Amino acid sequence: MSLIKTKEEIEVLRESGRRLAGILNEVKKAVAPGVSTKDLDELAFNLISEAGDRPAFLDYSPDKDSKPYPATLCVSVNEELVHGLPSSEKRLRDGDIVSIDMGLVHKGLITDSATTAPVGKIDQQSKVLLKATRECLEAGISVARHGNFIGDIGFAIESVAKKYGFSVARGLAGHGVGYKVHEDPLVPNTGKRGQGEELKVGMVLAIEPMLCLGNGDIFLERDGWTIRTKDRQRCAHFEHTVAITETGPIVLTKD
Ligand code: MF3
Ligand code: CO
């Protein structure tokens, strides 16, 4: 059963998303060669705390058996796709691409957003990968409308990925969000039009396409968190939290 949020709850989520977007933007500005992924994590933690809010991922357990996540951000570099564990040993290098994923709790309500940023000067193929993944996110958002279906979102995302000749990462999906980081429904990045749960006014979804240069198979690193591509080819990730309203989708995680 998917949670339906009231207009008032969506107002709070909008503020949560606005705060998140501002901070994610500051973190993005700090991306540069030589900066460690832990530096980015500390910056995000400090900015969230100064604003009187809480990081949503810190101490969160995605599954019943998993240990609590120990950081504010997931920072995933190049072949790392999601849930990259920030580390002071891991420094960004010119030409890298880095996914920064952040969740924020404001007045008890959570928003979730990610962006993939270039570090210095990146190669042409990486540029196209970022552009394609961003376009997938826009395509997914544009069909997140009352009366459409979960499958329409996946279909839209997959269609853009195919147009570019990139693969959609297997086994990972977007999700409902609000009172918990992960709520129903699951929002896959592939699908068929008209299939799955019907989208209703008041649903709040984290839509998060993940595209890969290689075949899209994934692998969990020994740290128990970082998910990378099996073939170690590059991948990208963009995410917004979106509310389905009477007048269409509203991107909550923007300024
Ligand atoms: N944005 C991430 C996702 O949707 C949330 C990560 S929670 C963590 O999967 F605990 F794994 F960090
Ligand atoms: Co998410």
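Below, the structure is looked at part by part. (Residues numbered from 1 in each chain as written. Chains lettered and ligands numbered in written order. Predicted model: local features only at pLDDT ≥ 70, side-chain atom pairs only at ≥ 80, totals over all residues. Heavy atoms only, no water.)

1. With respect to the sheet that holds strand β3 (residues 80–82)
Phase 1 of the analysis: What the three strands build is an open sheet, ordered β3-β12-β11; its pairing is antiparallel. Two strands in the sheet have a free side with no partner beyond their single neighbour: β3 and β11 (218–220). Between one strand axis and the next, the sheet turns through 40 degrees on average, direction left out of account. (Pairing = 2+ DSSP bridges. Helix = DSSP H or I, 4+ residues; strand = E, 2+ residues; numbered from the N terminus. Axes fitted to C-alpha atoms, helices over the stretch in contact; angles between N-to-C directions.)

2. Quick look at the pairing of strand β8 (residues 183–188)
Phase 1 of the analysis: Sheet analysis places strand β7 (residues 173–176) next to β8, joined by four bridges and oriented antiparallel. Considered in β8, the bridge of His175 is made with Leu186.
Phase 2 of the analysis: Between β7 and β8, which pair antiparallel in sequence order, lie six residues; one of them, Gly178, sits at a positive phi of approximately 155 degrees.

3. Overview of the coordination of the cobalt ion (ligand 2)
Phase 1 of the analysis: Every protein donor of the cobalt ion (ligand 2) is listed here as Asp112 (OD), His175 (NE2), Glu208 (OE) and Glu239 (OE), and their distances to the metal cover 2.1 to 2.3 Å.
Phase 2 of the analysis: Motif for the cobalt ion (ligand 2), donor spacing along one chain: D-x62-H-x32-E-x30-E. Of the two residues, His175 sits in strand β7 while Glu239 sits in the loop between β13 (235–237) and β14 (240–245), which places them 64 residues apart along the sequence. (Donors = N, O, S within 2.8 Å, 3.2 Å for Na, K, Ca; no water.)

4. Some words on the pattern of salt bridges
Two side chains with opposite charge may pair up if their charged atoms get near one another.
Phase 1 of the analysis: Here the structure, examined in full by the defined rule, presents 14 salt bridges.
Phase 2 of the analysis: Linking Lys5 and Glu183 is a salt bridge whose minimum nitrogen-to-oxygen distance equals 2.6 Å. Note that Lys5 is positioned in the segment before α1 (7–29) and Glu183 in strand β8, a separation of 178 residues in sequence.
Phase 3 of the analysis: Take Lys5: its relative accessible area is 5%, and that puts it in the buried class.
Phase 4 of the analysis: The residue Arg19 makes a salt bridge to Asp53 at a minimum N-O spacing of 2.8 Å. Placement of Arg19 in helix α1 and of Asp53 in the loop between α2 (37–50) and β1 (54–55) is noted, with a sequence separation of 34 residues between them.
Phase 5 of the analysis: On the accessibility criterion, Arg19 (27% relative accessible area) is partly exposed.
Phase 6 of the analysis: On the accessibility criterion, Asp53 (11% relative accessible area) is buried.
Phase 7 of the analysis: Each of the salt bridges in this network shares a partner with another, and the network as a whole consists of Glu15, Arg18, Arg19 and Asp53. (Salt bridge = Lys/Arg side-chain N within 4 Å of Asp/Glu carboxyl O. Buried < 20%, exposed > 50% of the residue type's maximum accessible area, 1.4 Å probe, protein only.)

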